[in-house]
Amino acid sequence: MTSETVTRRILRLDAGVPEPGMKSRIAGWFYQHPSDLGYEAEGILISTDLGPAPAWLIHGSTVGRWAIHVHGRGVQRAEAIRAIPPFAAEGFTNLLVSYRNDGEAPEGVRGQFGLGATEWRDISAALDYAVDHGATEVVLVGWSMGGAVVLQTLLRARHRAVIVAVMLDSPVIDWYETLRVLGSQSRVPSMLQRWTFSLFRTGWFRLHDRIAIDLDELNIVAHAGRLTVPILLLHSVDDGFVTSVPSRKLALARPDIVTFVPFRVARHTKLWNYDCARWGAEVTEWLRALPASGHTGTTPHR
């Protein structure tokens, strides 16, 4: 290690062969498949309006209780594997989904991310699948931009009535604040930032299906009054990518249903990696404190 470099030994390769000069990045997700944690996962397809989207289904022990896990932007469903254990321990059936333009699910015409404005349709489809297969109580779990997707699903999905709680790790709660902080870090002039935001407000940014990216609609702090279910927010105060300020603001706006758990040092979506024992304990305690549910029985693990 020098003042400008860090050297690490590669202990194991899951895929590919590294070559000198190849670009790479450090990701927070370690597991490649639920079987890496000992879970038997069924590969299924979710019918979306763009076509079939692959997902992993891990059957639980409690009838009707499901958790639907939604990964962040630029990664895939394997990101959420580390979240399975506390939910599985509480009897949940776990569904890890893909969504449009993530490299696994069908692409939109231009392959553009909608910041949650379109991706929620695929999670709504996953919710439909869960209900069709016996889900009566669903906890939505979102990572990073997946948090924005989950929150739009909570507000818009056809079967949103079965959503009983939401758990978010390093979520995007307010895109304006998130983009403003990222712009400042990149030294984008504030005048240019304001001009760009004004274009969003006029509906200038539109996706291939003519849907405008409405950042006002995606600002959940401004719509805090519409929230009705318990929400757990896990966020590193020094996230470094998605600012935790909106998470704290949402907790202050809705202390009756929002539990904000700050981490430090962990950085973006690496809270579990930094302190998996604390992460798991916080999630488990929150799950056990949820209002009494209507599930009435158990089924054997399959």
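Up top is the structure these notes are about.
Structural notes, computed from the coordinates. (Residues numbered from 1 in each chain as written. Predicted model: local features only at pLDDT ≥ 70, side-chain atom pairs only at ≥ 80, totals over all residues. Heavy atoms only, no water.)

## Describing the packing of aromatic side chains
- In total, this model carries five aromatic pairs according to the counting rule given.
- Judged by centre distance (5.9 Å) and plane angle (15°), the ring pair of tryptophan 143 and tryptophan 279 falls under stacked. In this pair, tryptophan 143 sits in strand β5 (residues 137-143) while tryptophan 279 sits in helix α9 (residues 276-289), placing the two residues 136 residues apart along the sequence.
- One aromatic cluster is present, built from ring pairs that chain together Phe30, Tyr31 and Trp272.
- The aromatic ring of tryptophan 56 is capped on one face by arginine 77, whose charged end is 4.1 Å from the ring centroid.
- In this structure, arginine 278 is placed above the aromatic ring of phenylalanine 263, and the distance from its NZ or CZ to the ring centre is 4.0 Å. (Phe/Tyr/Trp six-rings, centres within 6.5 Å; stacked < 30°, edge-to-face > 60°. Helix = DSSP H or I, 4+ residues; strand = E, 2+ residues; numbered from the N terminus. Lys NZ or Arg CZ within 6 Å of the ring centre and 35° of its normal.)

## Quick notes on the pairing of strand β8 (residues 258-263)
- Sheet topology places strand β7 (residues 231-236) next to β8; six bridges connect them, and they run parallel. Residue pairing in the sheet places leucine 232 in a bridge with threonine 259 of β8.
- Between the parallel pair β7 and β8, the chain is carried across by helix α7 (residues 245-253), and the sense of this crossover is right-handed. (Pairing = 2+ DSSP bridges. Right-handed = clockwise from strand over helix to strand, strands pointing away.)

## Focus: the nonpolar core
- By size, the foremost hydrophobic cluster in this structure holds 53 residues, and its most contacted members are Ile68, Leu95 and Val166.
- Counting residues in hydrophobic clusters, the runner-up holds 30 residues, among them Ala67, Ala80, Leu234 and Leu287. (Core = buried A, V, L, I, M, F, W, Y, C linked by side-chain atoms within 4.5 Å. Buried < 20%, exposed > 50% of the residue type's maximum accessible area, 1.4 Å probe, protein only.)

## Re unusual backbone geometry
- Not every positive phi belongs to a glycine, and asparagine 101 is a case in point at roughly 70°.
- Tracing the backbone through its elements, the reader meets asparagine 101 in the loop between β4 (93-97) and α2 (120-132).
- Backbone geometry places serine 144, a non-glycine residue, at a positive phi of 55°.

## A word on the packing of α2 against helix α3 (residues 145-156)
- The interhelical angle for the contact between α2 and α3, taken along N-to-C directions, is 60°, at an axis separation of 8 Å. Relative to α3, α2 is oriented oblique. The element α2 and its partner α3 pack so that their crossing is right-handed. Residues Trp120, Ile123 and Ser124 of α2 form the contact with α3, whose own contacting residues are Val149, Gln152, Thr153 and Arg156.
- For the contact of α2 with α3, the per-class residue count stands at three nonpolar, three polar and one charged. (Axes fitted to C-alpha atoms, helices over the stretch in contact; angles between N-to-C directions. Parallel < 35°, antiparallel > 145°, perpendicular 65-115°, else oblique. Left-handed = near helix turned anticlockwise from the far one by under 90°. Contact = heavy atoms within 4.5 Å. Nonpolar A, V, L, I, M, F, W, Y, C, P; charged D, E, K, R; others polar.)

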